[in-house]
Amino acid sequence: KQEVTQIPAALSVPEGENLVLNCSFTDSAIYNLQWFRQDPGKGLTSLLLIQSSQREQTSGRLNASLDKSSGRSTLYIAASQPGDSATYLCACSSASKIIFGSGTRLSIRP
Amino acid sequence: SAVISQKPSRDICQRGTSLTIQCQVDSQVTMMFWYRQQPGQSLTLIATANQGSEATYESGFVIDKFPISRPNLTFSTLTVSNMSPEDSSIYLCSVELGARYEQYFGPGTRLTVT
């Protein structure tokens with residue numbers, strides 16, 4: 001049974017810093033891993049999707065990596081801004097089932 | 001990509017009543033998914049809805065409590081029946097698109113049961 005873990009549960013950093021969010025999973029038989037952003041009380045916005053055959057994906061200031069052998073993914077955010085404050089969730093997709101991590105609540109201090 | 005809308009965006013309901021949540025997608029999709037997100041928690045899959053067949057429910061969720069309709073390839077409803085305060089959550093619908101199995105989510109319905 002797939003288990004997805006995100007550590008830390010919360011993170012606060014000053015504006016301008018680069019930061020890394022972590023996601024680990026127990027079953028490497030995944031189709032893809034997707035990173036989402038969720039603002040309070042809102043739905044999920046897809047940030048990046050890494051297919052199982054890929055190692056990383058980039059979009060603007062965001063870079064996501066995938067290491068299936070170690071069961072880990074990271075989301076790197078460069079030059080953080082207060083607008084990046086949100087909860088970030090990773091999700092592993094396999095056999096038409098998606099398992100979400102519990103999320104990291106990120107706060108960027110101006 | 002897909003644009004997904006949900007109605008209502010939020011509601012406050014009395015214990016024992018039912019609420020039907022609508023999910024509309026701007027393109028035809030095979031599978032639609034319904035999730036629950038309890039306060040401070042991550043997402044839990046309630047069921048998968050395919051057009052023309054009965055929804056498939058995850059462990060811990062039953063059709064009598066969460067009946068789902070899927071009348072066509074762009075629309076689905078989830079009903080939360082005989083509500084109790086424990087049903088207070090955000091309910092989200094999502095679809096899976098493309099060869100990459102990418103997930104897209106609606107804005108969610110915030111339900112409070114008093």
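Residues numbered from 1 in each chain as written. Chains lettered and ligands numbered in written order. Predicted model: local features only at pLDDT ≥ 70, side-chain atom pairs only at ≥ 80, totals over all residues. Heavy atoms only, no water.

**Quick notes on the interface of chain B and chain A**
Listed as interface residues are 18 residues of chain B and, on the opposing side, 21 residues of chain A. Across the interface of chain B and chain A, roughly 1600 Å² is buried in total on both sides, 54% from carbon and sulfur atoms. Of all residues in chain B, the largest losses of buried area upon contact with chain A belong to Ser42(B), Arg100(B) and Phe105(B), amounting jointly to 30% of the total for that side. The tally of links from chain B across to chain A stands at 0 salt bridges. At the boundary of chain B with chain A, the tally comes to 7 residue pairs in polar contact (both at pLDDT 80 or more). (Contact = heavy atoms within 4.5 Å. Buried area = accessible area lost by both parts, 1.4 Å probe. Salt bridge = Lys/Arg side-chain N within 4 Å of Asp/Glu carboxyl O. Polar contact = N/O pair within 3.5 Å; in protein donor to acceptor, adjacent residues only side chain to side chain.)

**Observations concerning the packing of aromatic side chains**
Enumeration according to the criterion identifies 7 aromatic pairs over all chains in this entry. Pairing Phe36(A) with Phe105(B) gives two aromatic rings, centres 5.4 Å apart and planes at 90°, and the pair type is edge-to-face. In this pair, Phe36(A) is assigned in strand E4 (residues 32-38) and Phe105(B) in strand E10 (residues 102-105), connecting two distinct chains. We note that Phe36(A), like Phe105(B), is buried. Taking the centre distance of 5.6 Å and the plane angle of 85° together, the rings of Phe100(A) and Tyr35(B) count as edge-to-face. Taken as a pair, Phe100(A) in strand E10 (residues 97-100) and Tyr35(B) in strand E4 (residues 31-37) lie in two separate chains rather than in one. (Phe/Tyr/Trp six-rings, centres within 6.5 Å; stacked < 30°, edge-to-face > 60°. Helix = DSSP H or I, 4+ residues; strand = E, 2+ residues; numbered from the N terminus. Buried < 20%, exposed > 50% of the residue type's maximum accessible area, 1.4 Å probe, protein only.)

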